[in-house]
Amino acid sequence: PNPNLQLLFNPAGAFQSAFPPGLFPGYVQFARLTPDVQMTFHLHRLFPSYAPGPGSREKQEFNSYTLIFNEAAKEGAFLKEKWDKLRAGTIGLAFLYICHIMISIGSAGLETQTSFRTFEIEDDPAPYATMTLFRNVVVLAGAFLAFLAIIVVKTPFIVNSLGLERLEKFVALALLFLILLVILQNPWYLAKAFGFDAEEIVANPQSEDLYLLLSLDCIVTASHLAMPVRWVWLLPMQIAVPLGYSILGIGIGSQMYFSSVLLHIVIIGIL
């Protein structure tokens, strides 16, 4: 596509240097070439058989949408190279989440009727039984998901059976479910969704939005820094965070001002 390629290739597609045979072009001459022609010259020096021919384009090595390499050998080498870091990141994040749950449950003394002292229920707890049971199940589901992720990435038989490509998608899917579980267990929005007065029964209502946003941001940041997962597989999680908080803050109703909710949506969306 670049007319300057005529400096390097003849009409038949064979390499022909515009410079004296066996001599590297001078700096002034070489600098006049466009960057793509300079790269073509270097490629031919490294790979003598490389000759795209007039008007041809180099084949893209990976899919533009999935970022998966077209050649199975390159895809396998890429996944194998990053597998150790992906496994370590998955185990680390899962372990931190399990520790968080264990500390919450341990400090509450296993008081399941108040969902580990998340709610201040002084009257008959029977009307709140469905709500507290739902939150307890969601919290324990998060712990189960974390344990499952550790077992999957640590078991050679499962790793070999699924393959590294499926495991990358499994990690991305587990992160998406973790985001949804964190959103579903928020006491303020859970109480309002079940039709209760959140200000009366939530133990610490003023900080629930900030705690939720910080938790979501920690998961998103850790997933990008500690897990070498292609960003296209993390895109559902990235959409779920601002979308989920928008549904909660605007749809169900936050304890904060509406302007603050909008500001939080913008900030978490940028992050």
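Residues numbered from 1 in each chain as written. Predicted model: local features only at pLDDT ≥ 70, side-chain atom pairs only at ≥ 80, totals over all residues. Heavy atoms only, no water.

## A short note on the overall build of the protein chain
And step 1. Counting secondary structure elements, the protein chain contains 11 helices and 0 strands.
And step 2. The linear arrangement of helices and strands in the protein chain, starting from the amino end, is α-α-α-α-α-α-α-α-α-α-α.
And step 3. Looking at the 271 residues of the protein chain, the share that counts as buried comes to 39%.
And step 4. Within the protein chain, contacts between residues at least 6 apart in sequence are counted, and of these 65% link residues at least 24 apart.
And step 5. With an accessible surface of roughly 15900 Å², the protein chain has 66% of that area assigned to carbon and sulfur atoms. (Helix = DSSP H or I, 4+ residues; strand = E, 2+ residues; numbered from the N terminus. Buried < 20%, exposed > 50% of the residue type's maximum accessible area, 1.4 Å probe, protein only. Contact = heavy atoms within 4.5 Å. Areas by Shrake-Rupley, 256 points an atom, 1.4 Å probe, with all protein chains shown as cover.)

## Notes on the side chain of Ser-246
And step 1. Assignment of secondary structure puts Ser-246 in helix H10 (residues 231–253).
And step 2. A distance of 2.6 Å separates a polar side-chain atom of Ser-246 from the backbone oxygen of Pro-242.
And step 3. Contacts of Ser-246, omitting those with residues within four sequence positions, involve Gly-251 and Ile-265. (Polar contact = N/O pair within 3.5 Å; in protein donor to acceptor, adjacent residues only side chain to side chain.)

## So, the nonpolar core
And step 1. Core analysis: the largest hydrophobic core is formed by 57 residues, its most contacted members being Phe-119, Leu-175 and Ile-179.
And step 2. Contributing elements (two or more residues each) for this core: helix H3 (72–108), helix H4 (129–154), helix H6 (164–184), helix H7 (187–193), helix H8 (198–201), helix H9 (208–226), H10 and helix H11 (258–270).
And step 3. Ranked by residue count, the leading element in this core is H6, at 12 residues. (Core = buried A, V, L, I, M, F, W, Y, C linked by side-chain atoms within 4.5 Å.)

## A short note on the pattern of salt bridges
And step 1. Scanning all chains against the criterion turns up 5 salt bridges.
And step 2. For the salt bridge of Arg-230 with Glu-75, the shortest nitrogen-to-oxygen distance reads 2.7 Å. Of the two residues, Arg-230 is situated in the loop between H9 and H10 and Glu-75 in helix H3; the sequence distance between them amounts to 155 residues.
And step 3. Under the relative-accessibility criterion, Glu-75 is labelled buried at 5%.
And step 4. The shortest N-O distance in the salt bridge between Arg-87 and Asp-84 comes to 3.0 Å. On the criterion of helical spacing, the pair formed by Arg-87 and Asp-84 is a turn pair, its members being 3 residues apart in helix H3. (Salt bridge = Lys/Arg side-chain N within 4 Å of Asp/Glu carboxyl O.)

## Considering the side chain of Lys-82
And step 1. With respect to the element layout, Lys-82 can be found in helix H3.
And step 2. The exposure class assigned to Lys-82 is buried, which follows from its relative accessible area of 9%.

## Side note on a nonpolar patch on the surface
And step 1. Taken together, the side chains of Trp-231, Leu-235, Ile-239, Leu-243 and Ile-247 present a nonpolar region at the surface, about 500 Å² in accessible area.
And step 2. With respect to the secondary-structure elements, Ile-247 resides in helix H10. (Patch = residues over 30% accessible without salt bridge, like charges linked within 9 Å, V, L, I, M, F, W, Y side chains within 5 Å.)

## Concerning the packing of aromatic side chains
And step 1. Using the criterion set out here, one finds 2 aromatic pairs in the structure.
And step 2. Plain terms: the ring middles of Phe-69 and Phe-78 are 5.6 Å apart, the flat faces sit at 55° to each other, and that makes the pair tilted. (Phe/Tyr/Trp six-rings, centres within 6.5 Å; stacked < 30°, edge-to-face > 60°.)

## Quick notes on H10
And step 1. Spanning 23 residues, H10 covers 31 Å between terminal C-alpha atoms, matching the ideal 33 Å at 1.5 Å per step.
And step 2. When H10 is considered as a whole, its buried residues turn out to be Val-232, Leu-234, Met-237, Ala-240, Val-241, Pro-242, Gly-244, Tyr-245, Ser-246, Leu-248, Gly-249 and Gly-253.
And step 3. Looking at the packing, one finds that the buried side of H10 touches H6, H7, H9 and H11. (Expected span 1.5 Å × (residues − 1).)

## Points about unusual backbone geometry
And step 1. For Leu-67, which is not glycine, the phi dihedral falls at a positive 60°.
And step 2. Positionally, Leu-67 belongs in the loop between helix H2 (35–46) and H3.

## Things to note about the confidence of the model for the protein chain
Do not read the predicted coordinates in detail wherever pLDDT is low.
And step 1. Within the protein chain, residue pLDDT values average 78, and 72% of them lie at 70 or more.
And step 2. Low pLDDT, under 50, characterises residues 53–58; the stretch is placed with 8 contacts to residues that sit more than four places away or in other chains. (pLDDT = per-residue confidence, 0-100.)

## Concerning the packing of H9 against H10
And step 1. Following both chains from N to C, one finds H9 and H10 inclined at 175°, their axes separated by 11 Å at the closest point. Relative to H10, the element H9 is oriented roughly antiparallel. Residues Asp-209, Leu-212, Leu-213, Leu-216, Val-220, Ser-223 and His-224 of H9 form the contact with H10, whose own contacting residues are Leu-234, Met-237, Gln-238, Val-241, Tyr-245 and Leu-248.
And step 2. Tallied by class, residues from the contact of H9 with H10 come to 9 nonpolar, 3 polar and 1 charged. (Axes fitted to C-alpha atoms, helices over the stretch in contact; angles between N-to-C directions. Parallel < 35°, antiparallel > 145°, perpendicular 65-115°, else oblique. Nonpolar A, V, L, I, M, F, W, Y, C, P; charged D, E, K, R; others polar.)

## Quick word on the environment of Tyr-128
And step 1. Topologically, Tyr-128 is positioned in the loop between H3 and H4.
And step 2. For Tyr-128, a relative accessible area of 16% translates into the label buried.
And step 3. Along the backbone, Tyr-128 and Phe-196 are 68 residues apart, and their C-alpha atoms lie at a distance of 8.6 Å.

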